[in-house]
Amino acid sequence: MIKKDLLRMGCDSLKKRIGLLSNRFRLRPVRGAILTWALLPIVVLTLLPLQGVASDSTEDVVRQIIEFQEKLAGVNQRIEKEMLLADQGLDATASGKRVAKLRELKFIYQRLLNALKQGTSLAADKNRLEKAMDSGQAFLVPGQKPYALSLYDSVLDEIADLNQEQSLLQASINNAQLKLEQSQQELEKAQQRWRRLKEKTASNQPQGFSDDVQLVSAELDREIAEANVALAQERLNDYQNKVDLVSLKQLASNRKLETIRNDLAFDPAALDKVMAEIDAQKEQVDQYLQTVIDAQKRFETQWQTDQRYDQKRSVVERAHSARQAWQHAYETTLQQTEEMTQLLSRQQQLWHYRFALLKGDVAVDDLNLWETEATTTQQQVQQAIRSYQTIQVRLQARIAAVEKDYDHLDSAAKKYATYQLEAFKETNAVGQVYFSMLLVTEQLSSRLLDEINIQDRPVSLGDRISDAGSQFSVLWNFELWVIDEHGVTVGKVVTALAILIIGVFLIKRATHFLAGRMEKSKLGLSSAAAVEKLMFYLGFLLVLLFALNTVNIPLTAFTFLGGAFAIGVGFGAQNLINNFISGFIIMAERPIKIGDILEIDGQCVRVQEIGARCTRVRTGQNVHILMPNSSFLEKDIINWTLSDTRIRTSVVIGVAYGSPVEQVTELLMEAAEKIERIRKTPKPFVVFDEFGDNALIFEIYFWILVENVIEKKKIASMLRYEIYALFNAHDIVIAYPQRDVHLDTITPLKIQLLDSVGRKE
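Residues numbered from 1 in each chain as written. Predicted model: local features only at pLDDT ≥ 70, side-chain atom pairs only at ≥ 80, totals over all residues. Heavy atoms only, no water.

Draft legend 1. Expanded view of the overall build of the chain. The helix and strand inventory of the chain stands at 18 helices and ten strands. When each of the 761 residues of the chain is scored for burial, the buried share is 35%. Pairs at least 24 residues apart make up 74% of the contacts formed inside the chain by residues separated by at least 6 positions. A total accessible area of about 47,200 Å² is found for the chain, and carbon and sulfur atoms account for 55% of it. (Helix = DSSP H or I, 4+ residues; strand = E, 2+ residues; numbered from the N terminus. Buried < 20%, exposed > 50% of the residue type's maximum accessible area, 1.4 Å probe, protein only. Contact = heavy atoms within 4.5 Å. Areas by Shrake-Rupley, 256 points an atom, 1.4 Å probe, with all protein chains shown as cover.)

Below you can see the structure in the form of structure tokens.
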């Protein structure tokens, strides 16, 4: 039986190591699985003769130890030789560098020998444990049957420690694997450098290259890299051996746990002893609070005495901080002592449950009740642990801040800083006791749950269905609140939500169908969209009222929601309501419609959809913008297509001074006539606008039909093309900015020479 367990553990170890190799060489999972099954017979053949394997591995380790001891002795001789050369003054600088590298190599060899010796010790421990497991000695439980619950808990603590050690070792294996890969990369670089220098030296000095300084340094680097790889590999092996040893210990502990669990007995004396210990802890909890109260009183007395004398502001502030710290210590200790008393009472209850399980004959309903209570306790304690850890971080930060400023304070301020630190430390001390009680309570809850889960609770299918039905009925009829003697249950809320969801779905389909019909009639797209929105909201309100009436939920149940909604409107929902009402105003008055072209802040957009809160528009770049409805009523919006799609626009052009203005007017009119998309009625006309700084300014006005956002710019661009061509053909110059600079050459220029400080010479 023991060999089967060891064989299973060996197979698990093989899978882990092949997994590491697969990750390293990036093998696919299928190939990794094939490699595992291919090597499995080898594991079977090697694990069966356990003694032979142990002896062979021991011989290999001894051989490696002897090999590295010889290398270490050789390194010591090389160090002595290099130091002798340095003393004789022969290339002292290079010798010093080589000595430093040799000492580094020596240090690595020493660490490697220690790792090999540790591996030998681990192998011996593993061998002894395997022999003890083969003989059954490892599974012997101290004491006589029936076993006490304290022995059972001690084995559980041992298993928990082994599980934690297993997790830490797995993390160490991952780090060692990464270190091995890095060392192998460094070795590859060192070997490449050594080979390159070796070839270079061999070509330049055919008679020998051992005296070359760079080559010797590169060879030392290669040896150091090789030693680092061996050290990383040995450490990885040691961690893996530790994992195997811990796995064997876990196997032995679990076997002991099964043996103890099968022969546990109820011991009233042990239960009384546990209860007495917890009662003693309760009495001690009251002393924690009294200690803080006494210390706070002493501080208050000292503070009242010091107030009679004039003190500096910094001392007063420090005294105030110390007083706040003691007040916080009292409040925190009061809260924690109350919770500790509750935790100890809860621990007593959990212990009673555990001993009751030992006595047996516990009803299934009691087990279910205990399981629920233990689960609730565990969740509450875990939440308290997280809260305590957060508080503890802040407390440690405060202690560090006071200790940092302590040396810079005067004697009077230091006294109050000391009081402040005492308050923090008292808070910390009580908190540590509170934290330990939280951990103990969480552990007791967890163990009770484990013991309940292993109990035989035969439940038939009918009982399960009945239990599920009863639980569902309790949940379905659970009252959330009561208004006007009407209970609002979970079932009513679920039914109302189902009616509401189905009703909204049907209303959406119906309003969408009616809107599609209306779009084909004379109402148009915008009117159909407005009617669709109004019908949807009206239908939603009717479905909501129908759902509430169906499940008999009174409208007064939402009175508090109305008040909260009114407060929300007053403090933060003005914009939301403003946009909502503005949407209905836009739908009713129709200042803008779907498909209209608007100019907003100099940008032309087309209206795509008018919603209840915002309106969706699209720019000429096909970018959709969501604009609040209130902005259309509060800002100046240009609607190019409010009444029709005809708009009048213009193009401005400047010509050089001296140009024939009548001909310019004729050419502008001719250019407008050539553009087919410019309407001939009303006829375009030209205005001689002004005498500009650099040009004569003309502006031609014309009418166009706007069908999309970019239409206006496209027609204006076509007109400018025609104007430019006609002006070039008739030698009319389009003006550009220019300046005339006049120099006064009558008065001579005044020149002065200044020295470095600005004085006249």
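Text resumes after the structure shown.
Draft legend 2. Spotlight on the sheet that holds strand E10 (residues 696-705). Strands sit in the order E8-E10-E9 across an open sheet of three strands; the sheet is antiparallel. Here the strands that pair on one side only, and so sit at the sheet edges, are strand E8 (646-655) and strand E9 (685-691). Across the sheet, the mean angle separating the axes of adjacent strands is 25° when strand polarity is ignored. The strands touched by helix H17 (residues 661-674) are E8, E9 and E10; relative to E10, the strand with the most contacts, the crossing angle is about 20°. Taken strand by strand, helix H18 (residues 711-729) contacts E8 and E10, and its axis lies near 35° from that of E8. (Pairing = 2+ DSSP bridges. Axes fitted to C-alpha atoms, helices over the stretch in contact; angles between N-to-C directions.)

Draft legend 3. Region of interest: the nonpolar core. Among the nonpolar cores identified, the biggest contains 62 residues, and Trp 326, Trp 351 and Tyr 416 are the most heavily contacted of them. By size, the runner-up hydrophobic cluster in this structure holds 29 residues, among which are Ile 678, Phe 698, Val 706 and Ile 732. (Core = buried A, V, L, I, M, F, W, Y, C linked by side-chain atoms within 4.5 Å.)

Draft legend 4. Local environment of the packing of helix H9 (residues 364-406) against helix H10 (residues 411-453). Where H9 contacts H10, the axes come no closer than 8 Å and their chain directions differ by 160°. As the angle between them shows, H9 and H10 are arranged roughly antiparallel. In this structure, H9 crosses over H10, and the sense of that crossing is left-handed. Class assignment of the residues belonging to the contact of H9 with H10 gives a composition of 21 nonpolar, 17 polar and five charged. (Parallel < 35°, antiparallel > 145°, perpendicular 65-115°, else oblique. Left-handed = near helix turned anticlockwise from the far one by under 90°. Nonpolar A, V, L, I, M, F, W, Y, C, P; charged D, E, K, R; others polar.)

Draft legend 5. Molecular detail of the packing of aromatic side chains. In the structure shown here, the tally under the stated rule is nine aromatic pairs. Between Phe 688 and Phe 698 the ring centres are 4.5 Å apart and the planes differ by 15°, which places this aromatic pair in the stacked class. One end of the pair, Phe 688, is in strand E9; the other, Phe 698, is in strand E10, and ten residues separate them in sequence. Using a relative accessible area of 35% as the deciding quantity, one classes Phe 688 as partly exposed. Residue Phe 698 is classed as buried on the basis of its relative accessible area of 0%. Counting every residue linked through ring pairs, the aromatic cluster contains Tyr 388, Tyr 434 and Phe 435. The ring centre of Trp 194 lies 4.2 Å from the NZ or CZ of Arg 222, which sits over that ring. (Phe/Tyr/Trp six-rings, centres within 6.5 Å; stacked < 30°, edge-to-face > 60°. Lys NZ or Arg CZ within 6 Å of the ring centre and 35° of its normal.)

Draft legend 6. The arrangement of the pairing of E10 in detail. Most of E10 sits out of view: seven of its ten residues are buried. In this sheet, E10 lies alongside E8 in antiparallel orientation, the contact comprising ten bridges. Bridge assignment links Thr 649 to a residue of E10, and that residue is Phe 702. Note: E9 against E10, six bridges, orientation antiparallel.

Draft legend 7. Local environment of the pairing of strand E5 (residues 614-619). Looking at chain direction, strand E4 (residues 603-610) and E5 are connected through five bridges and run antiparallel. Bridge assignment links Glu 609 to a residue of E5, and that residue is Arg 616. If you look at the hairpin formed by E4 and E5, you'll find three residues sitting between the two strands. Bridging between E5 and strand E6 (residues 624-628) involves five bridges; their strand directions are antiparallel. Bridge pairing in E6 links Arg 618 to His 624. In sequence, E5 turns back onto E6 through a hairpin of four residues, with Asn 622 there showing a positive phi of about 65°.

Draft legend 8. Examining unusual backbone geometry more closely. Backbone torsion omega between Thr 681 and Pro 682 reads -5°, so that peptide bond is classified as cis. At Asp 731, a position not held by glycine, the phi torsion is positive, near 60°. Relative to the helices and strands, Asp 731 is located in the segment after H18.

Draft legend 9. Fine view of H17. Taking 1.5 Å of rise per residue, 14 residues should cover 20 Å, and H17 covers 20 Å from first to last C-alpha, within 8% of that figure. Those residues of H17 not exposed but buried are Val 664, Leu 667, Leu 668, Met 669, Ala 671 and Ala 672. Where H17 is buried, its residues meet E8, E9, E10 and H18. (Expected span 1.5 Å × (residues − 1).)

Draft legend 10. Examining the pattern of salt bridges more closely. Inspection of the entire model under this criterion finds 16 salt bridges. The partner of Asp 221 in a salt bridge is Arg 193, and the shortest N-O contact between them spans 3.5 Å. One end of the pair, Asp 221, is in helix H6 (residues 213-262); the other, Arg 193, is in helix H5 (residues 149-204), and 28 residues separate them in sequence. Overall, the relative accessible area of 32% leaves Arg 193 in the partly exposed class. (Salt bridge = Lys/Arg side-chain N within 4 Å of Asp/Glu carboxyl O.)

Draft legend 11. Local environment of the side chain of Glu 223. By the element assignment, Glu 223 lies in helix H6. Classification of Glu 223 by relative accessible area gives buried; the value is 14%. Ignoring any residue separated from it by four or fewer positions in sequence, one finds Glu 223 in contact with Arg 78 and Leu 105.

Draft legend 12. Highlighting the environment of Leu 421. Mapped onto the elements of the fold, Leu 421 is located in helix H10. With relative accessibility at 10%, the residue Leu 421 sits in the buried group. Taking the C-alpha atoms as reference points, Leu 421 and Ala 400, separated by 21 residues in sequence, lie 9.6 Å from one another.

Draft legend 13. Up close: the packing of H17 against H18. The N-to-C vectors of H17 and H18 enclose an angle of 135°; their axes lie 9 Å apart at closest approach. In terms of their interaxial angle, H17 and H18 are classed as oblique. Every pair of crossing elements has a handedness; the one defined by H17 and H18 is right-handed. Here H17 contributes Val 664, Leu 667, Leu 668, Glu 670, Ala 671, Ala 672 and Lys 674 to the contact with H18, which in turn contributes Leu 719, Glu 722, Ile 723, Leu 726 and Phe 727. Looking at the contact of H17 with H18 residue by residue, the classes come out as nine nonpolar, no polar and three charged.

Draft legend 14. Inspection of the sheet that holds E6 at higher detail. Taken in spatial order, the five strands make up an open sheet running E6-E5-E4-E3-E7, and their pairing is antiparallel. Each edge of the open sheet carries a strand with a single partner, namely E6 and strand E7 (638-639). Summarising the sheet, strand E3 (residues 597-600) and E4 pair through four bridges and their orientation is antiparallel. The residue bridging Ile 597 from the neighbouring strand is Arg 606, located in E4.

Draft legend 15. Just the environment of Arg 235, in detail. For Arg 235, the location among the structural elements is in helix H6. When the C-alpha positions of Arg 235 and Ile 173 are compared, they lie 8.7 Å apart, and in sequence the two are 62 residues distant.

Draft legend 16. Up close: the confidence of the model for the chain. Here the chain averages 78 in pLDDT, while 79% of its residues score no lower than 70. E9 holds the highest mean pLDDT among the elements of the chain, 92, whereas helix H2 (residues 29-47) holds the lowest, 46. Note on residues 1-7: pLDDT is under 50 here. Beyond four places in sequence and across chains, it has 17 contacts. The model gives residues 206-211 a pLDDT under 50, and that stretch makes four contacts with residues more than four places away or in other chains. (pLDDT = per-residue confidence, 0-100.)

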